[in-house]
Amino acid sequence: QAVLEGATSRMRPVLMTATVAAFGLTPAMLATGLGSDVQRPLATVVVFGLISATALTLLMLPALYQLIEARVEASALLHANKTAQKVALAAADAPDEVGSSS
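Keep in mind it's a predicted model, so treat the numbers as computed, not measured. (Residues numbered from 1 in each chain as written. Predicted model: local features only at pLDDT ≥ 70, side-chain atom pairs only at ≥ 80, totals over all residues. Heavy atoms only, no water.)

S.K.: Residues and numbers for the nonpolar core, please.
M.R.: With 5 residues, the main nonpolar core is built from A22, A28, M29, A43 and V47. Mapped onto this core, the elements with two or more residues apiece are α1 (2–29) and α2 (36–93). The element that contributes the greatest number of residues to this core is α1, accounting for 3 residues. When near neighbours in sequence (up to four residues on either side) are disregarded, A28 contacts Q39, R40 and A43. (Core = buried A, V, L, I, M, F, W, Y, C linked by side-chain atoms within 4.5 Å. Buried < 20%, exposed > 50% of the residue type's maximum accessible area, 1.4 Å probe, protein only. Helix = DSSP H or I, 4+ residues; strand = E, 2+ residues; numbered from the N terminus. Contact = heavy atoms within 4.5 Å.)

Set out below in structure tokens:
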């Protein structure tokens, strides 16, 4: 639940930032004039880096976080069950002190 809310609340700012930066570098990426032999590859790498970073931020990170959180919860539940079983076995093995007197 929290992962979905966080991902949807961050979607607009991340998309706006990446889109503005990509649009700003588009002229350098499409340049053919003087100095474009240096600008074009750099702008291309930056634009596609922005696209991939945006996809990772909006899709992969929330999915990875949810996967890790599910594993942690499952591990905690398994640990709690093992502890409860140990306590139940210890209680069953303990001598009954209700009827004994010293």
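S.K.: Pulling in residues and values, what's your account of a nonpolar patch on the surface?
M.R.: Judged by side-chain polarity, L61, L64, L67, I68 and V72 come together as a nonpolar surface patch covering roughly 460 Å² of accessible area. Among the structural elements, V72 can be located in helix α2. The exposure class of V72 is partly exposed, given its relative accessible area of 49%. (Patch = residues over 30% accessible without salt bridge, like charges linked within 9 Å, V, L, I, M, F, W, Y side chains within 5 Å. Areas by Shrake-Rupley, 256 points an atom, 1.4 Å probe, with all protein chains shown as cover. Salt bridge = Lys/Arg side-chain N within 4 Å of Asp/Glu carboxyl O.)

S.K.: Kindly report on the side chain of T54, identifying the contributing residues and their values.
M.R.: Tracing the backbone shows T54 in helix α2. T54 has contacts with V14, L15 and A18, leaving out every residue within four places of it along the chain.

S.K.: Provide a residue-level description of the environment of T54, including the pertinent values.
M.R.: Taking the relative accessible area as the measure of exposure, T54 reaches 11% and is therefore buried. Separated by 43 residues in the primary sequence, T54 and M11 place their C-alpha atoms 9.1 Å from one another. Only 2.7 Å separates the side chain of T54 from the backbone oxygen of L50, close enough to count as a polar contact. (Polar contact = N/O pair within 3.5 Å; in protein donor to acceptor, adjacent residues only side chain to side chain.)

S.K.: If you had to explain α1 to someone new, which residues and values would you point to?
M.R.: In this model α1 runs 38 Å from its N-terminal to its C-terminal C-alpha over 28 residues, within 8% of the 40 Å that 1.5 Å per residue would give. Of all bends in α1, the biggest is about 35 degrees, found at M11, and the proline P13 comes one to four residues later. Packing partners of the buried residues in α1 comprise α2. (Expected span 1.5 Å × (residues − 1). Bend = angle between axes of the 7 residues up to and from the residue.)

S.K.: How would you explain the packing of α1 against α2 if you had to name every residue and give the values?
M.R.: For the pair α1 and α2, the least separation of the axes is 9 Å and the interaxial angle reads 175 degrees. It follows from the interaxial angle that α1 and α2 lie roughly antiparallel. Classifying every residue of the contact of α1 with α2 gives 18 nonpolar, 5 polar and 2 charged. (Axes fitted to C-alpha atoms, helices over the stretch in contact; angles between N-to-C directions. Parallel < 35°, antiparallel > 145°, perpendicular 65-115°, else oblique. Nonpolar A, V, L, I, M, F, W, Y, C, P; charged D, E, K, R; others polar.)

S.K.: Describe α2, with residues and values.
M.R.: With 58 residues, α2 should reach 86 Å at 1.5 Å per residue; the first-to-last C-alpha distance of 82 Å fits that figure. Along α2, the sharpest change in direction is near 40 degrees and occurs at L56. Within α2, burial applies to S36, A43, V47, T54, L58 and P62. Check the buried side of α2 and you find it contacts α1.

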